[in-house]
Amino acid sequence: MSYDSNTFQNLIGHAKEYGYIFQSSEIYDGLAAVYDYGQNGAQLKKNIRDAWWKTMTQLNDNIVGIDAAIFMHPTTWKASGHVDNFSDPMIDNRDSQKRYRVDHLIEAHAETLGKDEAAALISAMEQLLAKDDLAGIKQLIIDNNIKCAISGTCNWTDVRQFNLMFSTELGSVADESSTIYLRPETAQGIFVNFLNVQKTGRMKIPFGIAQTGKAFRNEIVARQFIFRMREFEQMEMQYFIRPGSQKEWYEHWKAERIKWHTQVMGFPAERLQFHDHVKLAHYADAAVDVEFNFPFGWKELEGIHSRTDFDLKSHQEYSKKKQQYFDTEINQNYVPYVIETSVGLDRLVLATLSNAYAEEKWTKEDGSEDSRVVLKIPANLAPTKLAVLPLTKKDGLPEIARDIIAGCRGSFPCFYEEKDSIGKRYRRMDAIGTPFAVTVDHQTKEDGTVTIRYRDTMTQERIHMSEVKGKVLEAITV
Ligand code: GAP
């Protein structure tokens, strides 16, 4: 399905209106590229996080989870290469004082060109970026007469690298030795704990360590809602393997992750694709993005990286502590190689909402028009699973409805509502993405049956109220 930008703006408005995502500190006009999750967004995010955690740590016998601190010893980031290499090439327009990430500036210009011209420009850019040819990139911008959107001029500075890490001071005295960073990735918390986990868990290679948590990047150009944020959450897994087996495990994890995105997240296969990295990060010998077709085009959702022994070797060198494993099967000591899977939780939320959001219109039997906005979030991920709605506020119907909810309490989140017409209540549940709605009416008092309505098809059927819980449980078990 393709979207126009209006639909994307509608989706952003919908996410706010229905308690999914708010701008951070909105009463102070917000903070750029920082967002808060509301009651429904926080639950959706938790459901996705739990689904990932379950797949990694319960469906794989040899993967365990940890929770490392956000603050780490500053030498960590020297060893990982982030102090020296974690930067984006930027250019400033002297007239508007506006700073651009050069790839974003060139990509935006490419969108105004014909298909072939755009492809040639992007390919030239990628080749120059791969060579870190900053002067060449500036020349490309000038040769293509790429202007600043604000000043309309080509009065550009040289292209410079800007480090993306946020720094702060530890303790009360601010000097160079007290500078620490907010982690730009969760992975390093895993690497520095490799031996702790391997020894205390008696782990045998191959094995994995998984972690979810906040990461921070001073993105100069933050855009596209929760796609590129300054504070975001990652879900990363480092898989420690024998050197030489990296190709085989890289392919294994590529296949596993695509399977997860389709089977657990419910994304249609045609909205996912692989995109090989042209420019490899400083730590990788192979890398691929799992891209999702967002409302604004194909963009990275997850990275799968063959990180070699770069990180462990570097931590060994900087810490002067051996980061080795004795492999009893081959009687050898070695620094393990690593395959990493790294997915952004906020991007998964955005992909889920993009895939679920639909503005539907149809003609009813009597010829009149009807419409709804619905979030077709897969039942296993939906924040609320079941709405229980008494037809009226009297005749004992609310009590029966509350009894049904009491029977489901602790198994999955339910929602009770008795205000407004049943049609309006169904529409609200559609908008929130609740997959099942049960209506209690006068017949319920006679024979114990209720009407169950299915969000996606809007079809209804009569079932006994004792069947409701089982039906929902069956649908949310993946
Ligand atoms: N440890 C490897 C690593 O951090 P990455 O490709 O830089 O690799 C992994 O990031 C994932 O984190 C991305 O695929 C994306 O989903 C998410 N991510 C990265 N930067 C982000 C940002 N500014 N806002 C939201 N998500 C981001």
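Below is a summary of the structure that appears in this document. None of these values were measured; they are calculated from a predicted model. (Residues numbered from 1 in each chain as written. Predicted model: local features only at pLDDT ≥ 70, side-chain atom pairs only at ≥ 80, totals over all residues. Heavy atoms only, no water.)

Quick notes on the overall build of the protein
- The helix and strand tally for the protein stands at 16 helices and 23 strands.
- When its C-alpha atoms are laid out on the principal axes, the protein stretches across 75 × 65 × 50 Å.
- Out of the 478 residues in the protein, the part that is buried amounts to 50%.
- Taking the intrachain contacts of the protein between residues at least 6 apart in sequence as the baseline, contacts between residues at least 24 apart amount to 65%.
- Surface accessibility of the protein: about 22,700 Å² in total, with carbon and sulfur atoms responsible for 49%.
- Charge centroids of the protein, computed over 58 positive and 67 negative side chains, lie 3 Å from each other. (Helix = DSSP H or I, 4+ residues; strand = E, 2+ residues; numbered from the N terminus. Buried < 20%, exposed > 50% of the residue type's maximum accessible area, 1.4 Å probe, protein only. Contact = heavy atoms within 4.5 Å. Areas by Shrake-Rupley, 256 points an atom, 1.4 Å probe, with all protein chains shown as cover. Lys, Arg positive; Asp, Glu negative; His and termini not counted. Charge placed at Lys NZ, Arg CZ, Asp CG, Glu CD.)

Description of the site of the ligand
- Taken together, 22 residues lie near the ligand, and Glu185, Met229, Glu236, Glu300 and Leu301 sit nearest.
- With respect to the ligand, the side chain of glutamate 219 contributes an N or O atom lying 2.9 Å from a nitrogen atom.
- One nitrogen or oxygen atom from the side chain of glutamate 236 is found 2.5 Å from a nitrogen atom belonging to the ligand.
- For the ligand, whose accessible area on its own is 550 Å², the fraction buried by protein is 93%.
- Going through the elements one at a time, β10 (231-241), β13 (297-308) and β16 (337-344) are the ones with two or more residues in the shell around the ligand.
- Residue contributions to the shell around the ligand peak at 6 residues, all from β13.
- Taken together, the residues of the shell around the ligand break down into 7 nonpolar, 5 polar and 10 charged. (Near = heavy atom within 4 Å. Polar contact = N/O pair within 3.5 Å; in protein donor to acceptor, adjacent residues only side chain to side chain. Nonpolar A, V, L, I, M, F, W, Y, C, P; charged D, E, K, R; others polar.)

Section: the packing of aromatic side chains
- Taken as a whole and judged by the stated rule, the model has 16 aromatic pairs.
- Relative to phenylalanine 294, the ring of phenylalanine 227 lies with its centre 5.3 Å away and its plane at 75°, an arrangement referred to as edge-to-face. A residue pair is termed long-range when its members are at least 10 positions apart, and phenylalanine 227 in the loop between β9 (207-216) and β10 and phenylalanine 294 in strand β12 (residues 286-294) qualify at 67 residues.
- When its relative accessible area of 2% is taken as the criterion, phenylalanine 294 is described as buried.
- Grouping aromatic residues by their ring pairs yields a cluster made of Phe8, Phe227, Phe267, Phe292, Phe294 and Phe296.
- Just above the ring of tyrosine 283 sits the side chain of arginine 307; from NZ or CZ to the centre is 3.6 Å. (Phe/Tyr/Trp six-rings, centres within 6.5 Å; stacked < 30°, edge-to-face > 60°. Lys NZ or Arg CZ within 6 Å of the ring centre and 35° of its normal.)

Describing the packing of helix α2 (residues 39-58) against helix α10 (residues 246-263)
- Closest axis-to-axis distance for the α2/α10 pair is 12 Å, and the angle between their directions is 140°. The orientation of α2 relative to α10 falls into the category oblique. Seen along the crossing, α2 lies across α10 with a hand that is right-handed. Residues Ile48, Ala51, Trp52, Thr55 and Met56 of α2 form the contact with α10, whose participating residues are Trp253, Arg257 and Trp260. (Axes fitted to C-alpha atoms, helices over the stretch in contact; angles between N-to-C directions. Parallel < 35°, antiparallel > 145°, perpendicular 65-115°, else oblique. Left-handed = near helix turned anticlockwise from the far one by under 90°.)

Points about the sheet that holds strand β23 (residues 460-464)
- Taken in spatial order, the 5 strands make up an open sheet running β20-β19-β21-β22-β23, and their pairing is mixed. Each end of this open sheet is capped by a strand with a single partner; those strands are β20 (414-416) and β23. If you compare each strand with its neighbour and ignore which way they point, the axes differ by 25° on average.
- As paired strands, strand β21 (residues 436-440) and strand β22 (residues 449-454) are joined by 4 bridges and run antiparallel to one another. Residue pairing for β22: threonine 439 is matched across the bridge by threonine 451.
- Sheet strands touched by helix α14 (residues 422-432): β19 (386-390), β20, β21, β22 and β23. Its angle to β19, the strand with the most contacts, is close to 170°.
- Docked against the sheet, helix α16 (residues 468-476) engages β19, β21, β22 and β23, running at close to 120° with respect to β23. (Pairing = 2+ DSSP bridges.)

Describing helix α11 (residues 310-319)
- Those residues of α11 that fall on the buried side of the exposure criterion are Asp311, Leu312, Ser314, His315 and Gln316.
- The secondary structure elements touched by the buried residues of α11 are α3 (75-79), α8 (187-191), α9 (194-200), β10 and β13.
- Phi for lysine 320, located one or two positions after α11, is positive at around 60°.

A look at helix α7 (residues 134-143)
- Along α7, the positions that sit buried rather than exposed are Gly136, Ile137, Lys138, Leu140 and Ile141.
- Looking at the buried positions of α7, the neighbouring elements they touch are β4 (87-92), α5 (102-110) and α6 (115-130).
- Positive phi appears at asparagine 145, one or two residues downstream of α7, with a value of about 55°.

Some details on the nonpolar core
- Membership of the largest hydrophobic core comes to 58 residues, with the highest contact counts inside it found for Tyr20, Ile21, Ile48, Leu348, Leu353 and Ile377.
- Among the elements that take part in this core, helix α12 (residues 345-356) stands out by supplying 7 residues, more than any other.
- Not counting the four nearest positions on each side in its chain, isoleucine 21 is found in contact with Ala15, Lys16, Tyr35, Asp36, Tyr37, Gly38, Phe225, Ile226, Val349 and Leu353.
- Membership of the second largest hydrophobic core comes to 21 residues, among which are Ile400, Ile405, Val438 and Tyr454. (Core = buried A, V, L, I, M, F, W, Y, C linked by side-chain atoms within 4.5 Å.)

Focus on the pattern of salt bridges
- Going through the model one piece at a time under the given rule, you end up with 34 salt bridges.
- A salt bridge links lysine 16 to glutamate 26; its shortest N-O distance comes to 2.7 Å. Of this pair, lysine 16 sits in helix α1 (residues 5-17) while glutamate 26 sits in the loop between β1 (21-23) and β2 (35-37); the two residues are 10 residues apart in sequence, bridging distant segments of the chain.
- Exposure remark for lysine 16: the relative accessible area of 41% places this residue in the partly exposed category.
- Overall, the relative accessible area of 37% leaves glutamate 26 in the partly exposed class.
- Taking the shortest distance from any N to any O, the salt bridge between arginine 101 and glutamate 219 comes out at 3.9 Å. One end of the pair, arginine 101, is in strand β5 (residues 99-101); the other, glutamate 219, is in the loop between β9 and β10, with 118 residues separating them in the sequence. (Salt bridge = Lys/Arg side-chain N within 4 Å of Asp/Glu carboxyl O.)

Regarding the sheet that holds strand β3 (residues 63-65)
- Taken together, 7 strands build an open sheet; the order of strands is β3-β9-β10-β16-β13-β12-β11 and the sheet is mixed. Strands with a single pairing partner mark the edges of an open sheet, and in this sheet they are β3 and β11 (272-276). In this sheet, adjacent strand axes meet at a mean angle of 25° when their direction is disregarded.
- Bridging between β12 and β13 involves 9 bridges; their strand directions are antiparallel. Residue pairing in the sheet places valine 288 in a bridge with isoleucine 304 of β13.
- The sheet contacts of α2 involve β3, β9, β10 and β16, and relative to β9 the element is tilted by about 160°.

Purely geometric numbers; function is a separate question.
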